[in-house]
Amino acid sequence: MEIDIVTFGKITEIIPNGMMSFSGLTDTDQLKATLEQRYPELAGMKYKLALNKTLVQENKPVIEGAVIAIMPPFSGG
Amino acid sequence: MSERYSRQLVLQGFGVRSQNKLSKASILVIGAGGLGCPALQYFTGVGIGRIGIVDGDHVSLSNLHRQVLFNTADIGKLKTEVAFQKLTAANPETIIETFPFAIKADNCLDLLENYDVILDCSDNFGTRYLLNDACALLNKPLIFAAVSAWEGQIAVFDNNENGLRTNYRDLFPNQPGSHEIPNCEENGVIGVLPGVIGTMQAAEAIKLITGIRKPLINQLLNYNLLDQSIYIIDILPAPAGSYELPADRIEFSTRRYQEISAGTDSDIIEINVEEMHDLINKGSTIVIDVREIHERPSLSTKHIQVPMSAFDSSLPDEINEPNIVLVCQHGIRSLAAAEKLRSKYHGQKNIYSLAGGIARWYGQL
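Now for a look at the structure at hand. Quantities reported herein were computed from a predicted structural model and do not represent experimental measurements.

**A short note on the packing of helix α3 (residues 36-46) of chain B against helix α9 (residues 192-210) of chain B**
Residue and element names in this part refer to chain B.
Then comes step 1: Between α3 and α9, the least distance of the axes is 8 Å, while the angle of their chain directions is 40 degrees. In terms of orientation, α3 and α9 fall into the oblique class. Handedness of the crossing formed by α3 with α9: right-handed. On the side of α3, the interface is formed by P38, A39, Y42, F43 and V46, while α9 contributes P194, G195, G198, T199, A202, A205 and I206.
Then comes step 2: Here the residues of the contact of α3 with α9 sort into 9 nonpolar, 3 polar and no charged.

Structure below.
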């Protein structure tokens, strides 16, 4: 399954932007676990996912072509 | 109505009604830095009735590339004082109120209560969570923005009682720890970025006050300066139990909103400049500047320099003084250094970090 990954801030340095292949996953919880396995640095960071431009607050189904944004908090001003 | 506002008065959908709403409105801007400077200038320009500015810092040379209200001759002056002069000169019809100190849990609610709209133009998570919780408690609209390197975030948390209600904790429930935050020097920012984002904050406030079109309520706008892209997501409330907002004033005042959270078992004490001088005068105290060699201004207080980039290797093998005071530019790296020393000395030393860093106590060090 191909998922479009959009990253922000420091996360862009860890995870590349663009289409990424996954197999055997069906929801955002599994996607999170897979991403943290592929990119262990992510597990130590604070971040939030958005699925098709809506914030993910509970486990949601993920289908082919979904757009997942991965956003860290910013503090600068 | 005055010629001053003639160009916006003729705007379709704006008119005298909008101008009256703006002239009756009051806005509190927390932080007269990269975000706050452009926002303050446009608020004054558009004719906001009353503007409050909260900032305890003094202007420094490294501010000038992004803090466009200040010039070279202002270095060392209080930001609020310079802002007052420049903004009052730009538009004497706008009342400017200044609060030259840091916002804290004990002064926050009283300050916020006197304003219609709150702008978070701060530069640290402690203040951001403090403002978020205070605005949620007081039902005050909060316009949040933050920047990092080439990117910015902006969101409007309306906090009115009607409809969907979200706040910053729905995005990030808990304050990040010090190890999760890039340090103040390392991260860097191009001056024009907070210029863009601070101007967007001003635009959102004007939309919110006049009721013209829809502000970014319950939305997070991500901006990337390098490709001029905007990515807006809808914010939904987090499931119950994800976080707890203070239920009332008493609970709010007893919460700890540190500039960064230094861990739960912290025995690091954050001190102000007077407490630092008291320690030095008592003797048996060493001051360690953890900034990089090229950073300015230099400290006139007696100290040793142990840059954070080579902290472990440059730290003297033996420190005889029982009291160690760590300082950096904004008091963020010094807390991280204090944590390192805490694990090294296991309670054998009294470890202090200068809150707010050299930027806050400019001229007193």
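**Side note on the pairing of strand β2 (residues 50-54) of chain B**
All names here are of chain B.
Then comes step 1: Counting buried positions along β2 yields 4 of 5 residues, so the element is predominantly enclosed.
Then comes step 2: With respect to chirality, the unit in which strand β1 (residues 26-30) leads through α3 into the neighbouring parallel β2 is right-handed.
Then comes step 3: In the sheet, β2 pairs with strand β3 (residues 95-99) via 5 bridges, with the strands oriented parallel. For R50, the partnering residue across the bridge sits in β3 and is I95.
Then comes step 4: In this fold, the crossover linking β2 to β3 by way of helix α4 (residues 79-90) has right-handed handedness.

**What to know about the side chain of D120 of chain B**
Residues and elements named next belong to chain B.
Then comes step 1: With respect to the helices and strands, the residue D120 is situated in strand β4 (residues 117-120).
Then comes step 2: Taking relative accessible area as the criterion, D120 reaches 1% and is therefore assigned buried.
Then comes step 3: Among the polar contacts listed, one links the side chain of D120 to the side chain of S122, at a separation of 2.7 Å.
Then comes step 4: In this structure the side chain of D120 is engaged in a polar contact, spanning 3.0 Å, whose partner is the side chain of R128.
Then comes step 5: Residues in contact with D120, not counting those within four places in the same chain, are I30, L35, R128, L131, L142, I143, F144, A145 and Q201.

**Regarding the nonpolar core**
Residues and elements named next belong to chain B.
Then comes step 1: Counting residues in hydrophobic clusters, the biggest one holds 43 residues, and the most contacted among them are I27, F43 and L119.
Then comes step 2: When residues of this core are assigned to their parent elements, the largest contribution, 8 residues, is made by α9.
Then comes step 3: Dropping the residues within four chain positions of it, I27 is found in contact with F43, I48, R50, I51, G52, Y115, V117, L119, A205 and I209.

Conventions used here
- Residues numbered from 1 in each chain as written.
- Chains lettered and ligands numbered in written order.
- Predicted model: local features only at pLDDT ≥ 70, side-chain atom pairs only at ≥ 80, totals over all residues.
- Heavy atoms only, no water.
- Axes fitted to C-alpha atoms, helices over the stretch in contact; angles between N-to-C directions.
- Helix = DSSP H or I, 4+ residues; strand = E, 2+ residues; numbered from the N terminus.
- Parallel < 35°, antiparallel > 145°, perpendicular 65-115°, else oblique.
- Left-handed = near helix turned anticlockwise from the far one by under 90°.
- Contact = heavy atoms within 4.5 Å.
- Nonpolar A, V, L, I, M, F, W, Y, C, P; charged D, E, K, R; others polar.
- Buried < 20%, exposed > 50% of the residue type's maximum accessible area, 1.4 Å probe, protein only.
- Right-handed = clockwise from strand over helix to strand, strands pointing away.
- Pairing = 2+ DSSP bridges.
- Polar contact = N/O pair within 3.5 Å; in protein donor to acceptor, adjacent residues only side chain to side chain.
- Core = buried A, V, L, I, M, F, W, Y, C linked by side-chain atoms within 4.5 Å.

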